[in-house]
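Each chain, letter by letter, is given below.
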Amino acid sequence: FLFILTSLPLFTIGSSLCALYNTSIKMIRKEGISIHKNYMHCFRKQFKSATPLWICLFLLCAFFLTDLYIVCFILDRKYVLLQVPFLILLFVLFSIIIYAFPLLSFYEATLKDTLKNAILLSLSNLPTTILILFIPAFLLFLSSLSGKNLVMIGSLLFFFGFAALACFYSLFLSKILLSCEKDVS
């Protein structure tokens, strides 16, 4: 509920993601936190750094998705291979999004370093990255099959999905971040 509430102004989704992952990873690690207090503290703390990152990543996603739409549905079929570079770029962009906001919520670093580390983590944990990207892609595919599926999956995501998916992803992200901390020490 907090994630949806704090994401209503769309430009705050970045700090909402930071707070969501920070809180869910701390819950996975059994750190005994107050969910509401931790979430709001992290949301406020990461607002200045997560907002520009989110806006840049969102605009890049919108640009690549628009280009992909044009290649798939507007241009002639002979240009179908042009979608491959856009799909690769979207995969890289979504991979960065997976790791950038949890990194930002736990570590003090410049945006450049955060992006570099997100790229390195997504490549060094490629099976996990693919799994994390597959789940929303599969849900999107199921939603596109019928209007009934769209309503059912949309309702489940709205009421439970964001937190449930974040907790599931945090099982993996927590281990990845812990291994990074051990490598640094």
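Residues numbered from 1 in each chain as written. Predicted model: local features only at pLDDT ≥ 70, side-chain atom pairs only at ≥ 80, totals over all residues. Heavy atoms only, no water.

Enquirer: Is there a simple way to explain the overall build of the protein in this structure?
Expert: A count of helices and strands for the protein gives seven helices and zero strands. Ordered by position from N to C terminus, the α and β elements of the protein give α-α-α-α-α-α-α. Projected onto its principal axes, the C-alpha positions of the protein cover 55 × 40 × 30 Å. For the protein, the proportion of its 185 residues judged to be buried stands at 39%. Across the protein, the fraction of contacts at a sequence separation of at least 24, relative to all contacts at a separation of at least 6, is 69%. Carbon and sulfur atoms make up 76% of the accessible area of the protein, which totals about 11,200 Å². (Helix = DSSP H or I, 4+ residues; strand = E, 2+ residues; numbered from the N terminus. Buried < 20%, exposed > 50% of the residue type's maximum accessible area, 1.4 Å probe, protein only. Contact = heavy atoms within 4.5 Å. Areas by Shrake-Rupley, 256 points an atom, 1.4 Å probe, with all protein chains shown as cover.)

Enquirer: Would you mind going over the nonpolar core with me for this structure?
Expert: If you look at soluble globular proteins, the nonpolar side chains tend to sit buried side by side. Counting 43 residues, the largest nonpolar core has Leu-17, Tyr-39, Leu-57, Tyr-99, Phe-101, Tyr-169 and Leu-173 as the members making the most contacts within it. Beyond its immediate sequence surroundings of up to four residues, Leu-17 is in contact with Phe-3, Trp-54 and Phe-101. (Core = buried A, V, L, I, M, F, W, Y, C linked by side-chain atoms within 4.5 Å.)

Enquirer: Which parts of the structure should I look at to understand the pattern of salt bridges?
Expert: All chains considered together, the criterion is met by one salt bridge. Lys-45 is paired through a salt bridge with Glu-108; the nearest N and O atoms lie 3.8 Å apart. In this pair, Lys-45 is assigned in helix 3 (residues 35-74) and Glu-108 in the loop between helix 4 (83-106) and helix 5 (111-124), connecting sequence segments 63 residues apart. According to the relative accessible area criterion, Lys-45 is partly exposed, its value standing at 47%. (Salt bridge = Lys/Arg side-chain N within 4 Å of Asp/Glu carboxyl O.)

Enquirer: What is the right way to read the packing of aromatic side chains from this model?
Expert: For any pair of aromatic rings, the description consists of the separation of the ring centres together with the inter-plane angle of the planes. By the definition in use, this model includes eleven aromatic pairs. Measuring from centroid to centroid gives 5.3 Å for Phe-3 and Phe-162, while their planes differ by 45°, and the two rings are tilted. Here Phe-3 is found in helix 1 (residues 2-7), whereas its partner Phe-162 is found in helix 7 (residues 147-184), with 159 residues between them in sequence. On the basis of relative accessibility, which here comes to 37%, the residue Phe-162 falls in the partly exposed class. Considering the side-chain rings of Phe-134 and Phe-138, the 5.7 Å spacing of their centres and the 20° angle between planes classify their relative orientation as stacked. Here Phe-134 and its partner Phe-138 are both found in helix 6 (residues 126-145), four residues apart, which amounts to about one turn of the helix. On the basis of relative accessibility, which here comes to 48%, the residue Phe-134 falls in the partly exposed class. (Phe/Tyr/Trp six-rings, centres within 6.5 Å; stacked < 30°, edge-to-face > 60°.)

Enquirer: Looking at this structure, how should I read a nonpolar patch on the surface?
Expert: A contiguous nonpolar patch, built from Tyr-69, Ile-70, Phe-73, Ile-74, Leu-75, Tyr-79 and Leu-82 and spanning about 690 Å² of accessible area, is present on the exposed surface. Secondary-structure assignment places Ile-70 in helix 3. Judged by its relative accessible area of 32%, Ile-70 is partly exposed. (Patch = residues over 30% accessible without salt bridge, like charges linked within 9 Å, V, L, I, M, F, W, Y side chains within 5 Å.)

Enquirer: Explanation requested: the packing of helix 3 against helix 4 in the structure shown.
Expert: A packed helix pair is summarised by two numbers, namely the angle formed by the two axes and the spacing between the axes. At a minimum axis separation of 10 Å, helix 3 and helix 4 run at an interaxial angle of 170°. The orientation of helix 3 relative to helix 4 falls into the category roughly antiparallel. (Axes fitted to C-alpha atoms, helices over the stretch in contact; angles between N-to-C directions. Parallel < 35°, antiparallel > 145°, perpendicular 65-115°, else oblique.)

Enquirer: Hey, could you run me through the environment of Phe-58 in this one?
Expert: Counting through the fold element by element, Phe-58 comes out in helix 3. Overall, the relative accessible area of 42% leaves Phe-58 in the partly exposed class. The spatial distance from the C-alpha of Phe-58 to the C-alpha of Gly-14 is 9.5 Å, given a sequence separation of 44 residues.

Enquirer: Would you mind going over unusual backbone geometry with me for this structure?
Expert: Across residues other than glycine, the phi torsion is negative in most instances, and most of the peptide bonds are trans. The residue Lys-30 is not glycine, and still its phi comes out positive at about 55°. Along the chain, Lys-30 turns up in the loop between helix 2 (13-28) and helix 3.

Enquirer: Would you mind going over helix 6 with me for this structure?
Expert: Quick reminder: α-helices carry 3.6 residues per turn. Residues three or four places apart thus point the same way. Here helix 6 spans 28 Å end to end across 20 residues, near enough to the 28 Å set by a 1.5 Å rise per residue. Taken together, the buried positions of helix 6 are occupied by Thr-128, Thr-129, Ile-132, Leu-133, Ile-135 and Ser-143. (Expected span 1.5 Å × (residues − 1).)

Enquirer: Looking at this structure, I do not really get the packing of helix 4 against helix 6. What am I missing?
Expert: Their axes nearest at 10 Å, the elements helix 4 and helix 6 cross at an angle of 95°. Our classification of the angle between helix 4 and helix 6 gives roughly perpendicular. Only Leu-126, Thr-128, Thr-129, Ile-130, Ile-132 and Leu-133 of helix 6 make contact with helix 4, whose side of the interface consists of Phe-91, Phe-94, Ser-95, Ile-98 and Tyr-99. Across the contact of helix 4 with helix 6, the residue classes break down as eight nonpolar, three polar and no charged. (Nonpolar A, V, L, I, M, F, W, Y, C, P; charged D, E, K, R; others polar.)

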